[in-house]
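As a plain string of letters, each chain reads:
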Amino acid sequence: MHASMVDELSRLVASAGEYAVKWPEAAELGGWWWTPEPATTPPAEPAMLPGEGREAAVLVLFCLGPSSGAGTAAAGAGDVAPPYVLVTERSRSLAKHPGQVAFPGGAVEAFDADPTAAALREAHEEIGLEPSRVEVIGQLPPAPVPVSGFMVTPVVGVVRETGVLVPQVGEVEAVIRVPVPQLVDPVNRSTSVIHRHGTTHRAPAFLVGGTLIWGFTGILLDRILSRLGWEEPWDQEASVDPREYQPLF
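Just so you know, these numbers come straight off a predicted model, no measurement behind them.

A. Structural context of the overall build of the chain. In terms of helices and strands, the chain carries 5 helices and 13 strands. Taking all 249 residues of the chain together, the buried fraction comes to 48%. When contacts within the chain are restricted to residue pairs at least 6 apart in sequence, those whose partners lie at least 24 apart make up 65%. Carbon together with sulfur atoms contributes 53% to the accessible area of the chain, which is approximately 11800 Å² in total.

So, in structure tokens, the structure goes:
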């Protein structure tokens, strides 16, 4: 496997854990994710209060071996496939966030041992990924999603080979592999801009081979790449309207 990438992801998780210990009040409110640098003090008006949202988890999966069984966004030619991040396109029939790109995941249920167990279970249910294939690196601090009422714990993992993945009918439209080199390429970076009820919402976005990653998932990816030191300078004035790619919302 790409040992150096595993080491870097391990250092990321360790650093996030140290942050949570040093600044627990900010961490439990999502302070690791708010800004390009982790916040050290809680906000005066937090997006969600501790215990307010339902607990959830997503699997941030870095795939380090050859690809199989699903499409790849902007896959390059050649015999050796680059590492990629695995995401899904949500079913267009869903009531919430139809057609959006997301990490596999969902609510933590009472029978789940912890957020890691929930993320692995959801990935198995949504796309058929066998949990035994995943090497779990660890958990990152929780991130609030007030629009959905969830406090989400991202779980970082790596896999040599995903095996054949089968999208869950009615939940997942497609499985998408996004090469890491394409994610960090400045030409594929932009800012999503949405105007709603007199307010303009701006957030990091990625447009790779026609696949738009924005919203909560775009923020997670942006912060993770930045914390890893993989981010390259990009034009933050470049913008994209998500409605041009996902007209259902």
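B. Quick peek at the packing of helix α1 (residues 3-22) against helix α5 (residues 215-228). At a minimum axis distance of 10 Å, the contact between α1 and α5 shows a crossing angle of 105 degrees. Between α1 and α5, the crossing angle belongs to the class labelled roughly perpendicular. For the pair formed by α1 and α5, the contact residues are Glu8, Leu9 and Leu12 on the first element and Ile224, Arg227 and Leu228 on the second. Grouping the constituent residues of the contact of α1 with α5 by class yields 4 nonpolar, no polar and 2 charged.

C. Looking closely at the sheet that holds strand β13 (residues 239-240). Pairing is mixed across the open sheet formed by 4 strands, whose spatial order is β12-β11-β10-β13. Every other strand in the sheet has two partners, leaving β12 (211-213) and β13 as the edge strands with one partner each. Taken together, the 8 bridges between strand β10 (residues 189-196) and strand β11 (residues 199-208) define a ladder with antiparallel strand orientation. Bridge pairing in β11 links Thr191 to Pro204. Where α5 meets the sheet, it contacts β10, β11 and β12, and its direction lies at approximately 65 degrees from that of β11.

D. Local environment of the environment of Ala47. For Ala47, the location among the structural elements is in the loop between α2 (24-28) and β1 (54-63). Sequence separation between Ala47 and Ala143 is 96 residues, and the spatial gap between their C-alpha atoms is 10.0 Å. Sequence-distant contacts of Ala47, that is, excluding residues within four places in its chain, are made with Pro144 and Pro146.

E. Molecular detail of the nonpolar core. Counting 41 residues, the largest nonpolar core has Phe62, Leu140 and Leu183 as its most contacted members. By residue number, the principal contributor to this core is α1, which donates 7 residues. With near-sequence residues (within four places) excluded, Leu140 lies in contact with Leu12, Val13, Ala16, Trp32, Trp33, Thr153, Pro154, Val156 and Ile224. In terms of nonpolar packing, the next biggest core, distinct from the first, is built from 19 residues, Leu59, Ile127, Val155 and Leu165 among them.

F. Here's a closer look at the environment of Val175. As for its position among the elements, Val175 is in strand β9 (residues 172-179). When the C-alpha atoms of Val175 and Val101 are compared, they prove to be 9.4 Å apart, with 74 residues separating the residues in sequence.

G. Fine view of the environment of Ser190. Along the chain, Ser190 turns up in strand β10. In sequence terms Ser190 and Leu207 are 17 residues apart; their C-alpha atoms lie 7.4 Å from each other. What Ser190 contacts, discounting residues up to four positions off in sequence, is Ala203, Pro204, Ala205, Trp234, Ala238, Ser239 and Val240.

H. Examining the pattern of salt bridges more closely. One pass over the full model with this rule turns up 7 salt bridges. We note a salt bridge from Glu109 to Arg54, for which the minimum N-O separation is 3.1 Å. With Glu109 in the loop between β5 (105-107) and α3 (115-127) and Arg54 in strand β1, this residue pair connects regions lying 55 residues apart in the sequence. Note on Glu109: relative accessible area 28%, which makes it partly exposed. Of the charged contacts in the structure, one is a salt bridge between Glu231 and Arg189, with a shortest N-O distance of 3.4 Å. Pair noted here: Glu231 is in the loop between α5 and β13 and Arg189 is in strand β10, with a separation of 42 residues, a long-range link. Put simply, Asp112, Arg121, Glu122 and Glu125 are held in one network by salt bridges that share partners.

Criteria and thresholds
- Residues numbered from 1 in each chain as written.
- Predicted model: local features only at pLDDT ≥ 70, side-chain atom pairs only at ≥ 80, totals over all residues.
- Heavy atoms only, no water.
- Helix = DSSP H or I, 4+ residues; strand = E, 2+ residues; numbered from the N terminus.
- Buried < 20%, exposed > 50% of the residue type's maximum accessible area, 1.4 Å probe, protein only.
- Contact = heavy atoms within 4.5 Å.
- Areas by Shrake-Rupley, 256 points an atom, 1.4 Å probe, with all protein chains shown as cover.
- Axes fitted to C-alpha atoms, helices over the stretch in contact; angles between N-to-C directions.
- Parallel < 35°, antiparallel > 145°, perpendicular 65-115°, else oblique.
- Nonpolar A, V, L, I, M, F, W, Y, C, P; charged D, E, K, R; others polar.
- Pairing = 2+ DSSP bridges.
- Core = buried A, V, L, I, M, F, W, Y, C linked by side-chain atoms within 4.5 Å.
- Salt bridge = Lys/Arg side-chain N within 4 Å of Asp/Glu carboxyl O.

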